[in-house]
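Coordinate analysis (summary)
Letter by letter, the chains look like this.
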Amino acid sequence: MAISLSRRQALKFSAAAGIAAGTATFAGSPAFADANTLLNVSFDPTAQLYAAYDKLFATHWATKTGTTPTLHYSHGGSGAQARAVIEGLPADVVTLALAYDIDAIAKKGLIAADWQSRLPNNSTPYTSTIVFLVRKGNPKNIKDWGDLIQPGVQIVAPNPKTSGGARWNVLAAWAWAEKNLGGQKAALTYLQKFFANVPVLDSGAHGSTLTFTQRKIGDVLVGWESDAYLSIKEAGNGEFEIIRPSLSILAEPPVALVDKNVAAHGTTAIATEYLTYLYSPEAQDLIGANFYRPSDPAAVAKYASQFPTLDLVTIKDFGGWQKAQPEFFGNGGYLDQAFGASGSSFFGISS
Amino acid sequence: MSASLSVPAPHLKRGFRWRPVSVLPGFGASFAITLVWLGIIVLGPLAVMLWFTAGMGWEAFLGTITTPRVLMDLWISLRSALYASLANAFFGLLVAWVLTRYEFPGRRFADALVDLPFALPTAVAGIALSTLYAPDGWLGSLLTPFGLQIAFQPAGIVVAMMFISLPFIVRTVQPVIEDLEAEQEEAAHLMGASDLAIFIRISLPAILPALLTGFALAFARCLGEYGSIIFIAGNRPMVSEIVPVLIVQELDQFNYQGATAIGVLMLAVSFLLLLTINLLQAWVRKRHGG
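Residues numbered from 1 in each chain as written. Chains lettered and ligands numbered in written order. Predicted model: local features only at pLDDT ≥ 70, side-chain atom pairs only at ≥ 80, totals over all residues.

Quick look at the overall build of chain A
Formally: Where helices and strands are cited, they refer to DSSP runs of H or I of at least four residues and of E of at least two residues respectively, numbered from the N terminus. Whether a residue is buried, exposed or partly exposed follows from its count of other C-beta atoms within 10 Å of its own C-beta, namely 20 or more, 12 or fewer, or something in between, respectively; the C-beta atoms are built from the backbone. Any residue pair is listed as a contact if its two C-beta atoms, each placed from the backbone, are within 7 Å.
Regarding its fold elements, chain A presents 15 helices and 12 strands. Classification of the 351 residues of chain A by burial places 48% in the buried group. In chain A, the proportion of contacts linking residues at least 24 apart, taken out of those at least 6 apart, comes to 73%.

And the structure:
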């Protein structure tokens, strides 16, 4: 049975476990010392997916080994989650929004440097893409990236400095602008206009989704395809529509075993199986049902109507995360340049 | 909670002297515990911050804290905190005055209300405020026809700061107003002073040191606030982004040194401002013989 842990609770838990380990009075009782216990540290938009997957995996593990596993999870902004793991959150596996965040953990020696080649498809069991979610009837007639920067269009999107999903947003927008508006300079101008139309920069994809769907702010939400489908499903009354731009990006949220932690917890077997089983036909079907794009042929065929083929760039087109991160999101990068140009008065004038 | 801070024992002389001024014993032990406690609770975290920052070198430090983004965010933070504390200095004083000087039905209730911002989780306050002041919210929709917007604008930061810092002014000023001798005001009245003159020349000088303390506490609280502001500010860089948000962003990008460098800058600026206010307060007290 899955037990939900917020990041803060999990940190507290880990701090308590750390103190306990230090004083050696807790021996045997902390949940993390058990070979059938696992902590999956993930990012925000996967909460539903992993809640469902944990049930599937629990059955699978029980059939295989005869013991019911205890599965803990923690969801939060991808960067903040990676930082928590670096600082000692005892994650057995991490399932984050982008490879850069897992690389950051690997740099601290907690994960082997070649982690991304250990599992199929660059350790990415499911993919997604960036789409637009608009209100019923698409009142602002938004069809493609170019329509987002029209005056009077309010975009809701998270802050790329804190949100992994938002970084996929920026790269997708950039790819479109560079191709259709002519070069990098035009793409930078596009990015400026894009963010000038964003009235609220939430820190994570989940916050932006709530801003758009619950607080009814903005004309268009730019974000994960999975989040867009979830919003439609939760609203349930045709309140929102998905618009797919002419060009987007293949968003690859990878998974990895936290080598040092599983070795310390004695959980290598269950953690490895937890990740490998994500590629099984049953899990792939579940992934499709939870609005992430599967790779297993049967699941791909089954959910084909849900995931129309799109023209997609990939992170490789940007030279990989190690190059794209500083170039776009580092201090003084394209994003800072785009932000630096916009300004406004103390009381913004509403249109 | 803090009024006592502003009222040192009158016979305490300044200077570098080891001398207990209390007749109660236990100076040595309580002093040692004080040092250890301050060391663990206050200086410890600050030292870690300085330690992290020290590793980056002077040039990198200056380079980090002088970027337009950092300076602009610092300006936004300081400016908003100043507006909010000034507004609360006026309205907080008024609230404290009304609560202590007048009897009215529901006074106890109103008095208890003042403490709510202390107790309410800041995130809850932020969500409530942003819902209220959003362009289609209850209050926000009243302002929209005038072309004014509070939520997701720099003004939203000030509103959140006003909310969370109000108790600091009220609770600091209240005991002083309670202790004001009504006789002085009555005497001035009998001698023919106008109401305004009585307030400005008799009451206000007595309240001023406490008001300054309240102002300083409110200002410091405003600068450090994060939880409620992130919901109402919109957090747009160079427009409505406060320094703590920027620090979190640096952390989320694994830039610990950058984050602590900005933290040190914020700390230094806050410390200087608080020191100035404290000196000003000491000067006021001396001048008005507090």
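Things to note about the overall build of chain B
Looking only at helices and strands, chain B features 13 helices and 0 strands. In sequence order, chain B lays out its α and β elements as α-α-α-α-α-α-α-α-α-α-α-α-α. Once the C-alpha set of chain B is aligned to its principal axes, its extents read approximately 65 × 60 × 30 Å. Out of the 290 residues belonging to chain B, those deemed buried represent 36%. Across chain B, every contact between residues at least 6 apart in sequence was considered, and the portion connecting residues at least 24 apart equals 78%.

Some thoughts on the pairing of strand 5 (residues 128–135) of chain A
All names here are of chain A. To be explicit about the condition: In this description, strands pair whenever DSSP reports at least two bridges between them.
Most of strand 5 is tucked away, with 7 of its 8 residues classed as buried. As judged from the 2 bridges shared by strand 5 and strand 10 (residues 248–251), these two strands associate in the antiparallel manner. If you follow T129 over to strand 10, its bridge partner there is L250. Across 5 bridges, strand 5 lies against strand 8 (residues 220–224) in antiparallel orientation. Along strand 8, the bridge assignment pairs F132 with V222. Relative to strand 9 (residues 240–243), strand 5 runs antiparallel, the two sharing 4 bridges. Residue pairing across strands places F132 opposite I243, the latter belonging to strand 9.

Considering the interface of chain A and chain B
Note the following rule: Ten residue types, Ala, Val, Leu, Ile, Met, Phe, Trp, Tyr, Cys and Pro, are classed as nonpolar, four, Asp, Glu, Lys and Arg, as charged, and the remainder, Gly among them, as polar.
Listed as interface residues are 28 residues of chain A and, on the opposing side, 28 residues of chain B. Secondary-structure elements contributing two or more residues to the side of chain A that touches chain B are helix 3 (78–86), strand 7 (200–202) and helix 15 (334–340) of chain A. Partitioning the side of chain A that touches chain B into residue classes produces 11 nonpolar, 12 polar and 5 charged.

Some words on the packing of helix 8 (residues 205–213) of chain A against helix 9 (residues 225–235) of chain A
Two quantities define a packed helix pair, namely the angle between the axes and the distance from one axis to the other. All names here are of chain A. The line we're drawing: To obtain each axis, a line is fitted to C-alpha atoms, and for helices this fit is confined to the stretch in contact; angles are then taken between N-to-C directions over 0 to 180 degrees. Angles are sorted into four bins: roughly parallel if under 35 degrees, roughly antiparallel if over 145, roughly perpendicular if 65 to 115, and oblique for all others. When the near helix sits turned anticlockwise from the far one by under a right angle, the crossing is termed left-handed; a clockwise turn instead gives a right-handed crossing.
Orientation of helix 8 relative to helix 9, taken along the N-to-C sense of each, is 40°, at an axis distance of 11 Å. Comparing their axes, helix 9 and helix 8 come out oblique. Considering how the two elements wind past one another, helix 8 and helix 9 form a crossing that is right-handed. Residues A205, T209 and T213 of helix 8 lie in contact with helix 9, whose contacting residues are D227, S231 and A235. Split into classes, the residues belonging to the contact of helix 8 with helix 9 amount to 2 nonpolar, 3 polar and 1 charged.

Digging into the environment of T162 of chain A
Along the polypeptide, T162 of chain A turns up in the loop between strand 6 (155–158) and helix 7 (164–196). According to the C-beta neighbour criterion, T162 of chain A is buried, with 25 such atoms within 10 Å. Between the C-alpha atoms of T162 of chain A and Q284 of chain A, which are 122 residues apart in sequence, the distance is 29 Å. Not counting residues within four places of it along the chain, the set of residues in contact with T162 of chain A comprises G77, G79, S203 and G204 of chain A together with V248, Q249 and D252 of chain B.

A few points about the domain arrangement of chain A
Residues and elements named next belong to chain A. Inclusion rule: What counts as a domain boundary in this text is fixed by an automatic or database domain assignment.
Assigned domains of chain A: these are domain 1 (2–126 + 252–302) and domain 2 (128–250 + 311–340). Spacing between the C-alpha centres of domain 1 and domain 2 amounts to 27 Å. At the interface, 18 residues of domain 1 touch 20 residues of domain 2. Residue assignment for the side of domain 1 that touches domain 2 shows that the elements contributing at least two residues are helix 3 and helix 4 (99–107).

Things to note about the packing of helix 10 (residues 195–224) of chain B against helix 13 (residues 256–287) of chain B
All names here are of chain B. Where helix 10 contacts helix 13, the axes come no closer than 9 Å and their chain directions differ by 175°. Of the possible angle classes, the one that applies to helix 10 and helix 13 is roughly antiparallel. Residues L208, P209, L212, T213, F215, A216, F219, A220 and L223 of helix 10 touch helix 13, and the partners they reach there are S270, L273, L274, I277, N278, L280, Q281, V284 and R285. Across the contact of helix 10 with helix 13, the residue classes tally to 13 nonpolar, 4 polar and 1 charged.

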